[in-house]
Amino acid sequence: MNRYSRRQYLQGLFATSMLLTFCDRRFAGKEPVLQAGNATRWHLGVGADPAQLIGEIKANPAVRELVQAWSPDFLTGWLNCVNGKQGDLSFWRIWHRQGLLSAWFSAGYSLQVITWEDDTKLPTGDYHISQQYLEDLEELAGYIRKANPKGRQTYWTLATEFSYWRVPADTYNAQTEKYYQKLMQNLLQARAIIKRQLPSAWVAPSWGGWIVTFDFPNKGSGRSMIPPFAQMMQQMDGVAFQSMRPRPAGEFNPEIQRPDPGNPEQIRQCCEIFSKYRKSLMVSHYEPSIKEFHPNGGRADTVTRDFAIMAQPSWLKTVSDMGLDKFSLMHYGLYKNNPYNALDAAKTFKGVIQEGEWALG
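All values derive from a computational prediction rather than experimental measurement.

For the rest of this paragraph, the subject is helix 4 (residues 90-97). Turning to helix 4, its buried residues are F91, W92, I94 and W95. The buried residues of helix 4 occupy one face: seen down the axis, they fall within an arc of 160°. Positive phi shows up at G99, right after helix 4, with a value of about 75°.

Here it is in structure tokens:
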């Protein structure tokens, strides 16, 4: 079993906050260079940092090319907690003040918000079970409501990778029950807060996709951790999960001492398990994440092989029938300049989705 976190992402967000200080403020209220893509059977997203992405479209032809190829319906931003107590809303406040949120919606994009808690040390803090978390989401939902006068659907994938946050990790037992009961209550309250301001919002908990790839029933670990969350998931708009396995299917994984199942199979298994609770599913952030193999967050060669599998009509029909229709890339740098033909592979996947012939099989 493997787990891949957001630690390098946090460093990137800090750099972006510095960059925003020098942004052209005349961008506020104006459309970015590219318009969002037309709606498809699936809703596709991209990002860890919408402001950086939109800014680079003008300056970098490689970024412009990848946005044209992927044609995202929504941009993804994060609300992170790094001290166990306080979420970092600073980026969202800057984007709100500079009119960037409004500009993105005016251009036809929607937004995805992912919330995450630093898991460098376990157990993590208590941000996601706190009143502060709810207040932060209320503030953020207010910014997005003001920027989104037409009420376009937004996506909120909450507490991503939460199964890892206690000790023992990926386990629901007597030691972790108290925390997870509080988390479930807070996530349901979070949904109510978001929906009051954004009635069309799609709100879901976001699992670490690895949770479906192993099972220890006697310990309440792996797949056996999931059933206690059934009632909470059924009251949400859907279920989200990430998939960030670095290795392609069949490559030997020394951590599990066998060939890796790969992201397409992990996603399929997630759909199989989580569709029992809600048939509205999302891959909240996809990325083959081993940073030393590529400067932009992961392995572009794995991207190419993953999308070759996921573009197959049989795979698409299987996961779509179980409710998957939302899919977001994480660090778009993996696709710049088409390393290992990763951008071509993503573009092919996008094209197959648009054609829709797989749904007829």
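This part is about the sheet that holds strand 11 (residues 281-286). Strand order in the closed barrel formed by eight strands is 1-2-3-4-5-8-11-12, with parallel pairing between adjacent strands. The sheet shows a mean angle of 25° between the axes of neighbouring strands, taken without regard to direction. The sheet contact formed by strand 3 (residues 110-117) and strand 4 (residues 155-158) spans three bridges and is parallel. Residue pairing across strands places V113 opposite W156, the latter belonging to strand 4. In the packing of helix 7 (residues 177-197) onto the sheet, the strands contacted are strand 4 and strand 5 (202-208), and the crossing angle to strand 5 comes to about 145°.

Within this structure, the stated rule accounts for 26 aromatic pairs. Both rings, one in W207 and one in F229, keep their centres 5.1 Å apart while their planes meet at 80°; by these two values the pair is edge-to-face. You can see W207 sitting in strand 5 and its partner F229 sitting in the loop between strand 7 (221-222) and helix 8 (230-234), a full 22 residues away along the chain. Exposure class is identical for W207 and F229. Each is buried. Residues F327 and F349 carry aromatic rings whose centres are separated by 5.8 Å and whose planes lie at 50° to one another, so their mutual orientation is tilted. In this pair, F327 is assigned in strand 12 (residues 324-329) and F349 in helix 12 (residues 342-355), connecting sequence segments 22 residues apart. According to the relative accessible area criterion, F327 is buried, its value standing at 0%.

Calculation notes
- Residues numbered from 1 in each chain as written.
- Predicted model: local features only at pLDDT ≥ 70, side-chain atom pairs only at ≥ 80, totals over all residues.
- Heavy atoms only, no water.
- Buried < 20%, exposed > 50% of the residue type's maximum accessible area, 1.4 Å probe, protein only.
- Helix = DSSP H or I, 4+ residues; strand = E, 2+ residues; numbered from the N terminus.
- Arc of directions from axis to C-beta.
- Pairing = 2+ DSSP bridges.
- Axes fitted to C-alpha atoms, helices over the stretch in contact; angles between N-to-C directions.
- Contact = heavy atoms within 4.5 Å.
- Phe/Tyr/Trp six-rings, centres within 6.5 Å; stacked < 30°, edge-to-face > 60°.

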